[in-house]
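The lines below spell out each chain.
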Amino acid sequence: MEVLPLRKDVPVEQTWDLKDLLENDAEFEPALAKLVEDAINFERTYQGTITDAQKVIDVLTAYEALYESIIPIGSYASLNNQADHTDNAAQMRAAKYGTAVGKISSTFSFVRSELLALDESILEEAATLSPNYKVYLVELLKQKPHQLHPEVEKALAAFSSTFDAPYETYNTAKLVDMHFGEFEANGEKHPLSFVLYENDWEFDADTKVRHAAFQAFSNKLRDYQHTTAKIYNTHIQQEKTMADLRGFDSVIDYLLFDQDVDRTLYNRQIDLITKELAPHMRRYAKLIQQANGIEKMTFADLKIALDPDFDPKLTMAEAKEYVEKALDVMGEDYKEMIEKAFNERWIDYAPNKGKSTGAFCSSPYGSHPYILMSWNERMNEVFTLIHELGHAGHFVNAHAHQSYFNSRPSLYFIEAPSTMNEMLLANYLLTHNDDLRFKRWVISNIVSKTYYHNFVTHLLEAAYQRKVYELVDAGEAVNATVLNQLKRSVLEDFWGDTVDITEGAELTWMRQPHYYMGLYPYTYSAGLTISTQVSKRILNEGKTAVDEWLAVLQAGGTKSPVELAQMAGVDVTTDQPLRDTIAYIGHLIDELERLTTEMVAIKG
């Protein structure tokens, strides 16, 4: 395996085209300066003028237009930086944008303060006069009990980029300063980095290589554990301070408030899955152990394939074909969007030094989505690709039907459209190939890629995160020792004596940027619970279920996550969808056991 190339050396066709945001780097500075000037003029024009319903509409119209003008510039700065954190110019652009946003946010802060100072009847009249702003105004009124003095809000807004500093510092440490060098296995030296470990070595079929990579990777993480813990503690203490300032009893309640979700939905995901999914996943771990002839199952072995000798390799062109066939059921408009994503370079898939780990889809309003991933030519990465295209399909639909303020749904719902696409890929693969080995490979990918990732990796992050916030709510701080203990206890509780939680596994908390994004990790399992149920409907009902699902995507943020799920025929206020999904995972593992037994018998 080769060392990752520099960004300048990767083929341009494997990178995204950011010209739809800004034509080139030279446009950035003048555009940013104009933004700050427009924001100051906006404040001069509207501050102190919001006295009646028509003025409310006037200010919100100008406010929304200004936000839309910020988006391409911020996206350009961010996406360039995410593609290569070692690029000095990109780093500086992102930093300048952060500073400017602090100024802009400060000038904007009067809008919320003045709107909330009005009599509610004026806001209700404005919502009637301009239904487009109804959702925004209803959400704003919910925040009234937590709104602070206008000058305090202005000061807090000015510090917005400072509040983002822990996340930016974490990324810099992880992607710029951590140099993993090489590790040795079977007498050979191999290159190591965050991307190489999480994309390749973690899945390597050779146990000696895999374990040596895990040890070398963990050793480097350990060198940075105290700094990373300090950064993280700063972040969560900031969140706690904001929760206290705004009058929330708990940092968890504060973080759930914007998701329009109560503790019941949050706790149910963590408690039910931790308790009821664990027995199924322990069976799966034993199956991996037996199939790979592993003497002692360890944490470093959990991501390997059930059938390592059957690992289809494919090009991006072949992946595109699978994606198109799997999503054909979604109709012509969706198909056209997928075609554009590949042909117009929405996808940045070349692995390169300094690139952000994992995968994401950024969907700037007024433009098209941008997908980042590092393609490793493994068939299982098609699940990652189609997942991110699910986010793209969601926001292409939402943006086409909703204004900016109405376009983004609750974080609780955000992973439903992405995981839906994974389910559609699985359905397609299972119904278009009767070969026993391929069938087992597909089911094992549904378990290891779709459900393990969303119902185990992210869910155990959520269980750990809840423990961290409980400590913070009790007035405690955290350091590396505390975080290591918490992570280890969560892993040991889930895996029991089936998996040895080897030294280094406790450092997994250092790998995930989601901890800097509020209560994000648990939403993956929430989204997948919804999409599992809806994908069954699509399989059974076809066009009717697809049309209802497209209507949900087009609704954007105009409904609560509970209402969006109800539109798709799923009631997330009860345990049933989650229990059904856990039972479905159990059924998949039953199938894997059955197919394995059948294949062994055929081999005889």
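Quick caveat: nothing in here was measured; it's all calculated off a predicted structure.

## A look at the overall build of the protein chain
- The helix and strand tally for the protein chain stands at 25 helices and five strands.
- Seen through its principal axes, the protein chain has C-alpha atoms that stretch 85 × 55 × 50 Å.
- In the protein chain, which comprises 604 residues, the proportion classed as buried is 57%.
- Contacts spanning at least 24 positions in sequence make up 77% of the contacts within the protein chain whose residues lie at least 6 apart.

## Quick look at the nonpolar core
- One finds M281, W495 and W549 to be the most contacted residues of the largest nonpolar core, which totals 151 residues.
- Residues in contact with W495, not counting those within four places in the same chain, are M281, R282, A285, L302, Y452, V456, L460 and I501.
- Core analysis: the next-biggest nonpolar cluster, separate from the first, contains 45 residues, V36, I57, Y76 and L123 among them.

## Re the UniProt feature "domain: Peptidase M3A/M3B catalytic" (unreviewed entry) in the protein chain
- Listed under "domain: Peptidase M3A/M3B catalytic" (unreviewed entry) in the UniProt record, and renumbered for this structure, are residues 205–582.
- For residues 205–582, helix accounts for 62% and strand for 2%, while the C-alpha atoms at its two ends are 28 Å apart.

## Some points on helix α4 (residues 110–117)
- With six of eight residues buried, α4 is to be regarded as a mostly interior element.
- Buried within α4 are the following residues: F110, V111, S113, E114, L115 and L116.
- In this fold, the buried residues of α4 make contact with α1 (28–46), α2 (53–83), α3 (88–108), α5 (120–129), α6 (134–142) and α7 (150–158).

## Considering the sheet that holds strand β4 (residues 360–362)
- Sheet architecture is open: three strands sit in the order β3-β5-β4, paired in mixed fashion. Looking at strand neighbours, the two that pair on one side only are β3 (347–348) and β4, the edges of this open sheet.
- Across the sheet, helix α18 (residues 381–401) is in contact with β3, β4 and β5 (370–372); its angle to β4 comes to roughly 20 degrees.

## Points about the pairing of strand β2 (residues 188–191)
- In the sheet, strand β1 (residues 182–185) pairs with β2 via four bridges, with the strands oriented antiparallel. From the neighbouring strand, E184 faces β2, where its bridge partner is K189.
- Two successive antiparallel strands, β1 and β2, enclose a turn made up of two residues, where N186 displays a positive phi of approximately 55 degrees.

## Overview of the packing of helix α9 (residues 165–177) against helix α12 (residues 225–245)
- Axis separation between α9 and α12 bottoms out at 9 Å; the angle between their running directions is 160 degrees. Overall, the two elements α9 and α12 adopt an arrangement that is roughly antiparallel. Note on packing geometry: the crossing formed by α9 with α12 is left-handed. Contacts from P166, T169 and Y170 of α9 reach α12 at T228, I231, T234, H235 and Q238.

## Considerations on the packing of helix α14 (residues 263–276) against helix α22 (residues 521–541)
- At a minimum axis separation of 10 Å, α14 and α22 run at an interaxial angle of 85 degrees. Between α14 and α22, the crossing angle belongs to the class labelled roughly perpendicular. On α22, the residues touching L265, Y266, Q269, I270 and I273 of α14 are Y522, S525, A526 and T529.
- Class assignment for the residues of the contact of α14 with α22 results in six nonpolar, three polar and no charged.

## Overview of the environment of V138
- Position of V138 among the secondary structure elements: in helix α6.
- The exposure class of V138 is partly exposed, given its relative accessible area of 39%.
- Expressed as a C-alpha distance, the spacing of V138 and L595, which sit 457 residues apart in the sequence, is 53 Å.

## What about the side chain of S525?
- Mapped onto the secondary structure, S525 falls in helix α22.
- Reaching out from S525, the side chain makes a polar contact with the backbone oxygen of Y522 at a distance of 2.9 Å.
- Residues contacting S525, with those up to four places away along its chain left out, are Q269, I273, N454, F455 and L459.

## Points about the pattern of salt bridges
- Applying the stated criterion to the full structure yields 42 salt bridges.
- K355 is paired through a salt bridge with D348; the nearest N and O atoms lie 2.8 Å apart. The pair formed by K355 and D348 is uniform in burial state, with each residue classed as buried.
- Measuring nitrogen to oxygen at the nearest pair gives 2.8 Å for the salt bridge that ties K449 to E381. Of this pair, K449 sits in helix α20 (residues 436–473) while E381 sits in helix α18, placing them 68 residues apart in sequence. The same class applies to K449 and to E381, which are both buried.
- Taken together, the shared-partner salt bridges connect E198, E202, K303 and R511 into one network.

## Quick look at the packing of aromatic side chains
- Evaluation of the coordinates by the stated rule reveals 41 aromatic pairs.
- Ring geometry for Y63 versus Y67: centroids 5.2 Å apart, planes at 70 degrees, classification edge-to-face. Residue Y63 and its partner Y67 are located together in helix α2, separated by four residues, close to a single helical turn.
- A relative accessible area of 25% means that Y67 is categorised as partly exposed.
- Here Y404 and F405 contribute two aromatic rings whose centre-to-centre distance is 5.6 Å and whose plane-to-plane angle is 45 degrees, an arrangement assigned as tilted.
- Among the aromatic residues, ring-to-ring pairing joins F42, Y46, Y63, Y67, F108, F110, Y133, Y136, Y365, Y404 and F405 into one connected group.

## Quick look at helix α19 (residues 416–431)
- Spanning 16 residues, α19 covers 22 Å between terminal C-alpha atoms, matching the ideal 22 Å at 1.5 Å per step.
- With 14 of its 16 residues buried, α19 lies for the most part within the structure.

## What about unusual backbone geometry?
- Unlike most non-glycine residues, N186 shows phi in positive territory, near 55 degrees.
- Its location among the elements puts N186 in the loop between β1 and β2.
- Owing to a relative accessible area of 46%, N186 belongs among the partly exposed residues under this scheme.
- For R345, which is not a glycine, the phi torsion comes out positive at approximately 55 degrees.
- Note that R345 resides in the loop between α17 (332–343) and β3.
- Residue R345 is classed as partly exposed on the basis of its relative accessible area, which comes to 25%.

## Looking at the confidence of the model for the protein chain
- For the protein chain, mean pLDDT is 93; residues scoring 70 or higher make up 100% of the total.
- Taken element by element, the predicted model of the protein chain shows its lowest mean pLDDT in helix α8 (residues 160–163) (86) and its highest in β5 (98).

## Some words on the environment of S362
- Within the element layout of this structure, S362 appears in strand β4.
- Along the primary structure S362 and A392 are separated by 30 residues, whereas in three dimensions their C-alpha atoms are 7.9 Å apart.
- Those residues in contact with S362 that lie beyond four places of it in its chain are L79, P369 and Y370.

About the cut-offs
- Residues numbered from 1 in each chain as written.
- Predicted model: local features only at pLDDT ≥ 70, side-chain atom pairs only at ≥ 80, totals over all residues.
- Heavy atoms only, no water.
- Helix = DSSP H or I, 4+ residues; strand = E, 2+ residues; numbered from the N terminus.
- Buried < 20%, exposed > 50% of the residue type's maximum accessible area, 1.4 Å probe, protein only.
- Contact = heavy atoms within 4.5 Å.
- Core = buried A, V, L, I, M, F, W, Y, C linked by side-chain atoms within 4.5 Å.
- UniProt positions renumbered as here; feature names shortened; annotations may be inferred.
- Pairing = 2+ DSSP bridges.
- Axes fitted to C-alpha atoms, helices over the stretch in contact; angles between N-to-C directions.
- Parallel < 35°, antiparallel > 145°, perpendicular 65-115°, else oblique.
- Left-handed = near helix turned anticlockwise from the far one by under 90°.
- Nonpolar A, V, L, I, M, F, W, Y, C, P; charged D, E, K, R; others polar.
- Polar contact = N/O pair within 3.5 Å; in protein donor to acceptor, adjacent residues only side chain to side chain.
- Salt bridge = Lys/Arg side-chain N within 4 Å of Asp/Glu carboxyl O.
- Phe/Tyr/Trp six-rings, centres within 6.5 Å; stacked < 30°, edge-to-face > 60°.
- Expected span 1.5 Å × (residues − 1).
- pLDDT = per-residue confidence, 0-100.

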